[in-house]
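Reading the structure
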Amino acid sequence: INALAVLSTGLGSLDPPETIDHPDLVDTFATLADDQDDLIRSQTAFALGVFALTPAADPLLTTELEQLVDDLYSDTRYNAALALARQGNLKSLGAVIEMFDPEALALSTDSEEGGVKMQVFKRDTMIKNALDASKTLMEKNPATDFNALRTAVKTFTDTAADWKPLAVPNSLIERGKKLLAEQ
């Protein structure tokens, strides 16, 4: 699944851009989006986001992302939200706001594999992505009321220096403050 997303990105950067064109591609990813395995759905959400951004993308790809943004598995939900946010799709807003919640992030990054350093790396990557998604959503939807998102970012910037097990890097906190100042 990941390899197809990477291939699609590489083909899209060619001059002229190319796409993966297969008659079963959309149906296959729609089926994978309903898989029982959390990891399969998470990786599918990531790949759907890549394919949905290609020129003349099938609208079913975005429809699948809109369903996955409510998935019970947080990684799937977050991958779908980030993909939708890149499109400016406001259906991503709830999950993007959630990505600033330290308790939600702790649940998403809690794993026995990799230890604390890996958990903190994943948390910080998710925050970086949430900040990017927030900026894109605000830029692409200037008439939308983003008070809930601004409140989430403000709470993040006010508390992240005290998060456990390790504080959030100051560079991410400053990015959050800059986002609030710009919007």
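Relevant structure appears above.
Quick look at the structure, then. In this text the structure is predicted, and so the values were computed from the model without any measurement.

Basis of the calculations
Residues numbered from 1 in each chain as written. Predicted model: local features only at pLDDT ≥ 70, side-chain atom pairs only at ≥ 80, totals over all residues. Heavy atoms only, no water. Helix = DSSP H or I, 4+ residues; strand = E, 2+ residues; numbered from the N terminus. Rg over C-alpha atoms; globule rule 2.2 N^0.38 Å. Buried < 20%, exposed > 50% of the residue type's maximum accessible area, 1.4 Å probe, protein only. Areas by Shrake-Rupley, 256 points an atom, 1.4 Å probe, with all protein chains shown as cover. Lys, Arg positive; Asp, Glu negative; His and termini not counted. Charge placed at Lys NZ, Arg CZ, Asp CG, Glu CD. Arc of directions from axis to C-beta. Contact = heavy atoms within 4.5 Å. Phe/Tyr/Trp six-rings, centres within 6.5 Å; stacked < 30°, edge-to-face > 60°.

Brief notes about the overall build of the chain
A count of helical and extended segments in the chain gives ten helices and zero strands. In the chain, the succession of helices and strands from N to C terminus is α-α-α-α-α-α-α-α-α-α. Against the 2.2 N^0.38 benchmark of 16 Å for 183 residues, the chain shows a C-alpha radius of gyration of 17 Å, consistent with a compact globule. Oriented by its inertia axes, the alpha-carbon framework of the chain measures out at about 50 × 40 × 30 Å. Relative to its full complement of 183 residues, the chain shows a buried share of 40%. Carbon and sulfur atoms form 56% of the exposed surface of the chain, whose accessible area is close to 10000 Å². Averaging the coordinates of the 16 positive side-chain charges in the chain and doing the same for the 29 negative ones gives two points 11 Å apart.

Here we look at helix H2 (residues 25–32)
Regarding H2, the residues found buried are Leu25, Val26, Phe29 and Ala30. Taken around the axis of H2, the buried residues stretch over an arc of 130°, which confines them to a single face. Residues of H2 that are buried in the fold lie against helix H1 (2–12), helix H3 (38–52) and helix H4 (59–68).

Concerning the packing of aromatic side chains
Enumeration according to the criterion identifies three aromatic pairs in this entry. Relative to Phe51, the ring of Phe29 has its centre 5.3 Å away and its plane inclined at 50°; by these criteria the two rings are tilted. Of this pair, Phe29 sits in helix H2 while Phe51 sits in helix H3, placing them 22 residues apart in sequence. Neither residue differs from the other here; Phe29 and Phe51 are each classed as buried.

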